[in-house]
Amino acid sequence: MDVRADARPEARPDARNEEAVSRFVERFAAQLTEAGMQRMAARVFAQLLASDGGAMTSAELSEALQISPAAVSGAVSYLTQVNMVSREREPGSRRDRYVLHNELWYETFTRRDQVLTLWEKTLREGAAGLGTDSPAGARIAETAAFFEFMQHELLGLMDRWRAHREGLNLT
C-alpha cells in the first residue's frame with residue numbers, strides 16, 4: 001500500500017476530489033430544484049458549473065451524472081431555452097458542447113429584470129382597472145411599486161457587482 005502523502009488526491013491542491021464535486025453538484029442541484037428549476041436541468045447546470053472548462057459534451061454529462069443521453073438532451077433543451085447554456089460545435093467534430101455563459105448570473109438577473117418590468121406594467125394596469133381606492137387595487141398597486149423598487153435596486157446592484165468583481169483576483 002502506497003502511503004506517500006502525494007498519492008492521496010486531497011494532498012495535491014490541483015487534484016479534483018470527484019466525490020466532493022459530486023456532493024456539490026447534487027447539493028446545489030437540490031437547492032435549484034427547491035427554487036423551482038427542473039430536477040435534471042438543475043443537475044446538468046450544476047455539473048457544468050463544477051466543470052473546469054464550463055463546457056461538456058452530452059456523453060461527458062451523461063457519464064458524470066450517470067443519466068441517459070435523452071435526460072441530458074431534455075435538460076439541455078430547458079437550459080438553452082432559459083439562456084443558461086448554449087450549444088457550440090466541438091472543433092473538428094460533429095459533437096456539440098454545452099457551454100455556460102461567461103456572465104451567467106448577470107444575464108440571469110438581467111432577464112429577471114425584464115420579467116419584473118413586464119409584471120410591474122401588468123400590475124399597474126390591474127391596479128388602475130380595479131381602482132387604487134379598493135383593497136385589491138391598493139394591494140396590487142403596492143406590489144407594482146415593490147417590483148419597480150426591486151428593478152431599480154437590481155440595476156444598481158449589478159453595477160456594484162461588476163465593480164466588486166474587478167477587485168476579486170479570482171483567476
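Everything that follows concerns the structure shown earlier in this document.
Notes on the structure in this doc start here. (Residues numbered from 1 in each chain as written. Predicted model: local features only at pLDDT ≥ 70, side-chain atom pairs only at ≥ 80, totals over all residues. Heavy atoms only, no water.)

Some thoughts on unusual backbone geometry
With phi around 55°, Q66 is a residue other than glycine that occupies positive phi space. Residue placement: Q66 occurs in the loop between helix 3 (58-65) and helix 4 (69-81). Under the relative-accessibility criterion, Q66 is labelled exposed at 66%. Even without being glycine, N83 reaches a positive phi, approximately 60°. By the element assignment, N83 lies in the loop between helix 4 and strand 2 (85-89). Classification of N83 as partly exposed rests on a relative accessible area of 36%. (Helix = DSSP H or I, 4+ residues; strand = E, 2+ residues; numbered from the N terminus. Buried < 20%, exposed > 50% of the residue type's maximum accessible area, 1.4 Å probe, protein only.)

So, the side chain of S51
On the secondary structure map, S51 appears in the loop between helix 2 (39-50) and strand 1 (55-57). What makes S51 buried here is its relative accessible area of 13%. A distance of 2.7 Å separates the side chain of S51 from the backbone oxygen of L48, its partner in a polar contact. (Polar contact = N/O pair within 3.5 Å; in protein donor to acceptor, adjacent residues only side chain to side chain.)

Concerning the packing of helix 2 against helix 3
Where helix 2 contacts helix 3, the two axes come as close as 11 Å, and the packing angle between them is 105°. Judged by the angle between their axes, helix 2 and helix 3 are roughly perpendicular. Contacts between helix 2 and helix 3 pair R43, V44, Q47 and L48 from the former with L61, A64 and L65 from the latter. Residues that form the contact of helix 2 with helix 3 fall into these classes: five nonpolar, one polar and one charged. (Axes fitted to C-alpha atoms, helices over the stretch in contact; angles between N-to-C directions. Parallel < 35°, antiparallel > 145°, perpendicular 65-115°, else oblique. Contact = heavy atoms within 4.5 Å. Nonpolar A, V, L, I, M, F, W, Y, C, P; charged D, E, K, R; others polar.)

Brief notes about the pairing of strand 3 (residues 96-100)
Bridge count between strand 1 and strand 3: three bridges; the pairing is antiparallel. Its bridge partner being in strand 3, T57 is matched across the sheet by R97. The antiparallel pairing of strand 2 with strand 3 creates a hairpin that spans six residues between the two strands, and G92 there sits at a positive phi of about 70°. (Pairing = 2+ DSSP bridges.)

Some points on the packing of aromatic side chains
Overall, the coordinates contain three aromatic pairs when judged by the stated rule. Considering the side-chain rings of F24 and F28, the 5.7 Å spacing of their centres and the 10° angle between planes classify their relative orientation as stacked. Separated by four residues within a single helix, F24 and F28 lie in helix 1 (residues 18-34), roughly one turn from each other. For F24, a relative accessible area of 37% gives the class partly exposed. A connected cluster of aromatic rings, assembled from ring pairs, spans W119, F146 and F147. (Phe/Tyr/Trp six-rings, centres within 6.5 Å; stacked < 30°, edge-to-face > 60°.)

Let's talk about the pattern of salt bridges
Counting across every chain of the model gives eight salt bridges. Put simply, R97 and E60 hold a salt bridge, and the shortest N to O gap is 3.9 Å. Residue R97 is located in strand 3, and its partner E60 is located in helix 3; the two are separated by 37 residues in the primary sequence. When its relative accessible area of 35% is taken as the criterion, E60 is described as partly exposed. Note that E148 and R124 form a salt bridge whose closest N and O atoms lie 2.7 Å from each other. Of this pair, E148 sits in helix 6 (residues 135-166) while R124 sits in helix 5 (residues 104-130), and the two are 24 residues apart along the sequence. (Salt bridge = Lys/Arg side-chain N within 4 Å of Asp/Glu carboxyl O.)

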